[in-house]
Amino acid sequence: MRGTERSRRAAILPLLIRRLLLSLVTLGVLSILVFAGGQLLPGDVGRSILGPLADERSVAALNHQLGVDRPVLVQYWDWISHFVRGDMSQSYAYRSPVAPFVAAALGNSLKLAAIAFVIVVPLGIAGGVLAALKRGSVVDRTITLAGLSATVIPEFVSGIVLILLFGITIRLFPISATPPPGAGWLEQIYCLILPSLPLVFLLFGYIARMARAGTVEALDSDYARTAVLKGLPWRTVIWRHVLRNALLPTITVVASQTGYLIGGLVVIETLFHYQGIGSLIYAAARGHDFPMLEAGVLVVGAVYVVATFGADLLYTTLNPRLRRSAS
């Protein structure tokens, strides 16, 4: 048994190393794209900070002080070499280190994403599994149709409807996601429930559809039929043999949505007055605050890469077929 376990680990290790190297290459390419995109933004950094009435000499002096008049390759190397050492440079707009702003905004986005995940992942998995078990019935069609309908509704539409219904008419939840100063963690969660609901609507269809497809495939598999022929109770077949294999595709879907839930919530954060990293990146782009913009986008990319790598690790560990192919 020990030899078998060691051989399994030896088979998985090269695959995970390849995934890790690919993740590092992805981050490197992302850093180049982020920096190039920041350089291509229209407008002048000095002019954006000093305003339209500043004279050209002052604008040029500020640009020189900030170093944006240097060659592009020099600027990129200076930025990325400091970034990998944990130095995210100084914000052009606030004249202070970028890291505290990014850390605070990332923490806020992680809280909102965590609330949405806690709600939508069990709900989506339960809906998908129930639809698969009731395949072809009214329950199956209802869950599938509801998931598809919720997925195509834009988040700003569902957000506005939820604000009008639960925030203004019923007054069940606050319309601002930002808790008052000194609020406890329960009050923070309470303030984040309403802005998390549009994300639940948006992601429920994806997760339920993948959970349904995985469950249907597992139910039609040979090992499920063998378990039934052995006389195992249906509940035991579902819990021990079907669900573990059925939920494998769901892991990839959940991980792929992490980047969106962290950095793509500009509309939700604007509607609910929440200072997340999406709003921070948007404000930095509008104000030509390149260090803030580049650091924010690259941090979101790093979170996405880490989540994807974690999903690959979990998927490889739970999937025996992938372990055999790796060996």
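First, a word on what this report is: a plain description of the structure on this page.

Procedures and definitions
- Residues numbered from 1 in each chain as written.
- Predicted model: local features only at pLDDT ≥ 70, side-chain atom pairs only at ≥ 80, totals over all residues.
- Heavy atoms only, no water.
- 1 Å grid on protein atoms, 1.4 Å probe; cavity = no way out; pocket = protein on both sides within 12 Å on 5 of 7 lines; lining within 4 Å.
- Points joined across faces, edges and corners; volume = space filled by probe spheres on them.
- Helix = DSSP H or I, 4+ residues; strand = E, 2+ residues; numbered from the N terminus.
- Nonpolar A, V, L, I, M, F, W, Y, C, P; charged D, E, K, R; others polar.
- Salt bridge = Lys/Arg side-chain N within 4 Å of Asp/Glu carboxyl O.
- Buried < 20%, exposed > 50% of the residue type's maximum accessible area, 1.4 Å probe, protein only.
- Axes fitted to C-alpha atoms, helices over the stretch in contact; angles between N-to-C directions.
- Parallel < 35°, antiparallel > 145°, perpendicular 65-115°, else oblique.
- Left-handed = near helix turned anticlockwise from the far one by under 90°.
- Contact = heavy atoms within 4.5 Å.

**Considering the layout of surface pockets**
By volume, the largest pocket amounts to about 350 Å³. Lining the largest pocket are 19 residues, and of these Leu 66, Asp 78, Ser 89, Tyr 92 and Pro 291 lie nearest its centre. Going through the elements one at a time, helix H1 (2-40), helix H4 (72-83) and helix H15 (290-318) are the ones with two or more residues in the lining of the largest pocket. With 4 residues, H4 is the largest single contributor of residues to the lining of the largest pocket. Grouping the amino acids of the lining of the largest pocket by side-chain chemistry returns 7 nonpolar, 7 polar and 5 charged.

**What to know about the pattern of salt bridges**
With the rule as written, the count across this model stands at 3 salt bridges. Among the salt bridges present, the one from Arg 70 reaches Asp 78, with a minimum N-O distance of 3.7 Å. For Arg 70, a relative accessible area of 32% translates into the label partly exposed. In this structure, the salt-bridge partner of Asp 220 is Arg 135, at a minimum N-O distance of 3.4 Å.

**Quick notes on the packing of helix H7 (residues 155-169) against helix H8 (residues 185-219)**
The relative placement of two packed helices is expressed as an angle between their axes plus a distance between the axes. Between H7 and H8, the shortest axis-to-axis distance is 9 Å and the interhelical angle comes to 140°. With respect to each other, H7 and H8 are oriented oblique. Here H7 runs over H8; the crossing is right-handed. Between H7, through Glu 155, Ser 158, Gly 159, Leu 162, Ile 163 and Phe 166, and H8, the contact on the second element is made entirely by Leu 194, Leu 197, Pro 198, Leu 199, Phe 201 and Leu 202. Residues belonging to the contact of H7 with H8 are distributed by class as follows: 9 nonpolar, 2 polar and 1 charged.

**Focus on unusual backbone geometry**
The phi dihedral of Arg 95 falls on the positive side, at around 55°, and the residue is not glycine. Among the secondary structure elements, Arg 95 is positioned in the loop between H4 and helix H5 (98-133). Judged by its relative accessible area of 46%, Arg 95 is partly exposed. Even without being glycine, His 273 reaches a positive phi, approximately 55°. Residue position: His 273 is located in the loop between helix H13 (266-271) and helix H14 (277-286). Under the relative-accessibility criterion, His 273 is labelled exposed at 52%.

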